[in-house]
Structures are given as C-alpha cells and as structure tokens.
Number of protein chains: 2
Amino acid sequence: MEASKKTRESPRSAAKRAQIHQGATRVFLAEGFAGATTDAIAKAAGVSKQTLYVYYRSKERLMVDVLTSLLSRLNHDHAVLQDERPVDSLPALRTTLIELASEVLETVSGGEYLALSRVIIADSPRVPEIGRLWAQTITGGVRLRVAELLERAREAGIVVVDDVEAATRLLTGGLLTYILPDGIVAVNGPVAAPERERVERIVDLFLRATT
Amino acid sequence: MEASKKTRESPRSAAKRAQIHQGATRVFLAEGFAGATTDAIAKAAGVSKQTLYVYYRSKERLMVDVLTSLLSRLNHDHAVLQDERPVDSLPALRTTLIELASEVLETVSGGEYLALSRVIIADSPRVPEIGRLWAQTITGGVRLRVAELLERAREAGIVVVDDVEAATRLLTGGLLTYILPDGIVAVNGPVAAPERERVERIVDLFLRATT
DNA sequence: GTCGAATCAAACTGAACAGTACGGTTTTAT
DNA sequence: ATAAAACCGTACTGTTCAGTTTGATTCGAC
C-alpha cells in the first residue's frame, strides 16, 4: 500500500493525461493551432472537453506541451547524434557521415516532422521559444554533431579543413535541401527521402573538398 | 437577359486597388492570414471595409493576390538569375557564383522574405499552389540557375562534376542554411546575412570539390 | 449646379469557438 | 454497499470576426 497523500494537483491520472496528449498531438499536427478546435481535440482523445480543461489550463498550454514533447522525442530517437562514432580513418568518417545523414533524412522527411515544422513556423511569432527549440533540435543538433566530427577528424589528420563552420554548413545544408525548402510545403503526405546512393554521392563530393 | 449595359467588373480604379493591395501586404506580412482582420487591413489601406469588398470578393482572394505579387516581385528583382554570366574560366565561375550567392542571400535574409515564407508555409495546407510557387521562386530558381552554370562550366572543361544535381544541392543548401532553418523562426526582424568573406569561403570550399 | 457613381463610417448578422456550468454516470476505495 | 472522486455530454456565455447593410458624403462628368 502506498502512503502517498492525495494532493489535489492538476494531474489526476497520468494515463488520462497521456491520452489527451496523444489526441491533441494528432489534431495539432493535422490542423495547426488555429485550425484545431478544442472540441476536435477532446473528441480525438476520447475525452470530454471538461476533463481536458482539468488537465490543461488552456489550449495554448496544451500545444506548447505537445510540441515540446514531439521535439524531444524526435531528438532522442537519434542514437547517431549521441553515440560515439569512429572518425579515425577516411572510410570510417565517410561511413559515419553517411549513416548520420541517412538517419536524419529519414526522420526529417517523415510527414510528422514536416507537419510539426509547419505548425511551429506558423506560430513562432506567438511562441518564440518553441521556434528556437525547433531550430536547435534536429537541424541545429546535426550541425553541432557534424562540426564535432569534422574537428576530430581534422585533429586526427584525416581531413584538411581550415574552416570547420563553412564545411559544416556545406554538408548539412546540402543534405537538408532535399527536405526543407521543398518538403515543407508539400502537403500531401511525407516527401521522398533521397535514396542511399544519392546521399553517398553528396557525402563523397563533400569529402573531395576536404582532402 | 440583356448583355448590354455596363458590365460591372471588379476594378473601378486601379489606384484604389493598388492602395488596398499595399495595405493588405503590410498587415498580412505582420500578422499572417488568421491574425489579419479585415478591419485592420481596411484601416491600414486607408479605405472603408465596404470598398475593400468591392475590389476583392473575399479575404482569401486578397491574400492569394498579395502573396503572388510579392513572390513575383522578389523573383524579378534578381538580375543575376536572368542575365548571362561568364563561366569560361575558373575565376569567372567563382565570381559569378559569389555574386549570385551574395545577391540571393541579401534578399532571402531580409525580413520581408522571411515573413512571407512564414505566412506561406503556415497556409500551404490551405493554399497549396502558393506553396509550390514559393518553393520554385527563389530557392528553386537558384538551384536551376546554379545547375545551369555548373553544366556550362563542365562543358567548357572548367570543373569536373559527375553529378551536377548533387553539386548543386551542396552549394545552394550550404548557402541557405544561414537563413532557412534558423532565420525562419527568428522573429525579431531580419536575420544577419553572412558577410561576403564567409560566402567566399563556402564557394571556395565548394570549388575544391569540383576541380 | 446636378446626377450618379464611388466612397466612407458605423452598425449589424451569423457563425465559429475557447472556456465554463451543470446534472447525470461510471469508477475506485474502503 | 456507499460515498467521493473522476468523468461524460450537452448546453451555455462571451467574444471575435468575415462579410453585409444602411445611410450619409464626396467626387467627377456634363
């Protein structure tokens, strides 16, 4: 038996809260902030509107919570952004970069990431901190990661780069063009991620500039 | 029915229409579609709401008109996208690419382009043709242009590129990272365009991969 | 000056929607 | 079994806003 006292705080049951969160995620991604009505969210979550307002004080709070979780989840899904990877030989660096690129492009070309980005960009004037978080999350994270890999490879004498920042921009930007200017407005489902071979060609081209 | 009489067409005076158009542009860029009220637009244009609805049948029509004009204007401002440029020597190619990059980055980092992009991205689910137009307008246009320049340079034996598309993506993407993932959510005015020297470094790095 | 077209200001209509109130039903703990 | 807590559905409130109506005023041609 638990001796926990029933403190009357906002969350009564974590499961219910998750259920609302989940329904709201679907509706916000599909409709954006303005387009998502609280009635629709309640219905999608299988919950009465009343209950929704017990768990979340306002529609805006709910959305910030939903977007933040989504960003955090998308970020943590990327082992390649966290794990140690070998860069101690040119083939190793090449493999690492290709893996990183493929994995990230996979995520970023999914309908979920694109829809999320659309919502965040639209509302960034109103909720600027979410905008900043978004910019840091995948694209920014990848840039940091690539910069770090290149730096290590340079110290190991594998590559020659006098301007790590420029090199990083070149590679990450080159990869993301497949998604970002185009996919963001391609509304009909996810956009096609470039095939592995194409990614390899870009990485190889990039490596020609650094050796 | 008599086809005689005077057909009451939408525009009565081109000047008034332009006046409304101009006011609406300001308000839409600042507030987005949802945030812009027709009252605010009428006020900004110095026109009564009544008159506004004489010239435009709905708020949506007005916005499509405004966005389309903006895109077209931004596009035609770029001489470097239209004019013939020399690529018959490596220094000439280099200069051409740097000029192209600088000019485009100048436009694209301006608050107007970023605000416009935000609005279009937000509403692309509702008005997909504007989204497509946007993707083709500057970023897409630059990509076509760079591809063409590289192709010509390759035929002239100036550079070695076995995959023009990959090379194009690498360069344009590398340049646009300065703006696109970051600037789009940086709401406080325009974002800093990279200085000339930085642009030169990216172009030089890119050229190392193609020679 | 006169007449009609264009414009203006302000009030109105109807719909959408965030958030609340309320009365009834289910769940959970004891 | 019982009561409290959580939940449900529906209806209500107040507000915002696109688009319309009204009725008055200005402008331009003749």
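All values derive from a computational prediction rather than experimental measurement.

1. A look at the overall build of chain A
Reasoning step 1: Per the secondary structure count, chain A includes 11 helices and 0 strands.
Reasoning step 2: Along chain A, helices (α) and strands (β) appear in the sequence α-α-α-α-α-α-α-α-α-α-α when read from the amino end.
Reasoning step 3: Here the C-alpha coordinates of chain A stretch approximately 65 × 45 × 30 Å along the principal axes.
Reasoning step 4: Relative to its full complement of 211 residues, chain A shows a buried share of 40%.
Reasoning step 5: When contacts within chain A are restricted to residue pairs at least 6 apart in sequence, those whose partners lie at least 24 apart make up 69%.

2. With respect to the interface of chain B and chain A
Reasoning step 1: Counting residues at the interface gives 37 residues for chain B and 36 residues for chain A.
Reasoning step 2: When residues of the side of chain B that touches chain A are traced back to their parent elements, those giving at least two are α7 (111–123), α8 (128–155), α9 (164–176), α10 (180–183) and α11 (196–208) of chain B.
Reasoning step 3: Split into classes, the residues belonging to the side of chain B that touches chain A amount to 22 nonpolar, 7 polar and 8 charged.

3. Examining the UniProt feature "domain: HTH tetR-type" (unreviewed entry) in chain A
Reasoning step 1: When the UniProt feature table is mapped onto this chain numbering, "domain: HTH tetR-type" (unreviewed entry) sits at residues 14–74 of chain A.
Reasoning step 2: Each end of residues 14–74 of chain A is marked by a C-alpha atom, and these two atoms are 22 Å apart; helix forms 87% of the span and strand 0%.

4. Brief notes about the nonpolar core
Reasoning step 1: Membership of the largest hydrophobic core comes to 125 residues, with the highest contact counts inside it found for L170 and F206 of chain A together with F28, L170 and F206 of chain B.
Reasoning step 2: Those residues in contact with L170 of chain A that lie beyond four places of it in its chain are F206 of chain A together with L170, G174, I202, L205 and F206 of chain B.

5. Focus on the protein's contact with DNA strand C
Reasoning step 1: Neighbouring DNA strand C are 18 residues, the closest being T37, S58 and K59 of chain A together with S48 and T51 of chain B.
Reasoning step 2: Residue assignment for the surface near DNA strand C shows that the elements contributing at least two residues are α2 (38–45) and α3 (49–55) of chain A together with α3 (49–55) of chain B.
Reasoning step 3: When residues in the surface near DNA strand C are grouped by element, the largest group, 4 residues, is from α3 of chain B.

6. Brief notes about the UniProt feature "DNA-binding region" (unreviewed entry) in chain A
Reasoning step 1: UniProt tags residues 37–56 of chain A as "DNA-binding region" (unreviewed entry).
Reasoning step 2: Secondary structure across residues 37–56 of chain A divides into 75% helix and 0% strand, with the first and last C-alpha atoms of the span separated by 14 Å.

7. Considering the relation of the copies chain B and chain A
Reasoning step 1: Least-squares fitting of chain B to chain A yields an RMSD of 0.1 Å, with the superposition described by an axial translation of 0.0 Å and a rotation of 180°. Seen this way, the second copy is the image of the first under a two-fold rotation axis.
Reasoning step 2: Of the interface residues in chain B, 97% have counterparts in chain A that sit at the interface too, so the contact is made through matching surfaces.

What counts and how
Residue numbers run consecutively from 1 along every chain, following the written order of its sequence. Each chain gets a letter, beginning with A, and each ligand a number, beginning with 1, in the order they are written. Totals for whole chains, interfaces and linings use every residue, but because this is a predicted model, local features are given only for residues with pLDDT of at least 70 and side-chain atom pairs only at 80 or more, for both listing and counting. Only DSSP runs of H or I with at least four residues qualify as helices, and only runs of E with at least two residues qualify as strands; both kinds are numbered from the N terminus onward. For every residue, the other C-beta atoms within 10 Å of its own C-beta are counted; 20 or more classify it as buried, 12 or fewer as exposed, and values in between as partly exposed. C-beta atoms are placed from the backbone. Two residues qualify as being in contact provided that their C-beta atoms, derived from the backbone, are within 7 Å of each other. Residues were grouped as follows: Ala, Val, Leu, Ile, Met, Phe, Trp, Tyr, Cys and Pro as nonpolar; Asp, Glu, Lys and Arg as charged; and all remaining residues, including Gly, as polar. UniProt positions are given in the numbering used here, feature names are shortened, and annotations may be inferred rather than shown by experiment. A set of buried Ala, Val, Leu, Ile, Met, Phe, Trp, Tyr and Cys residues, joined to one another through C-beta atoms within 7 Å, is what we call a nonpolar core. Here, nearness means that the C-beta atom of a residue, built from backbone geometry, sits within 6 Å of the molecule or strand in question. The copies were overlaid by least squares, fitting only the C-alpha atoms of residues that reach a pLDDT of 70 or more in each copy.

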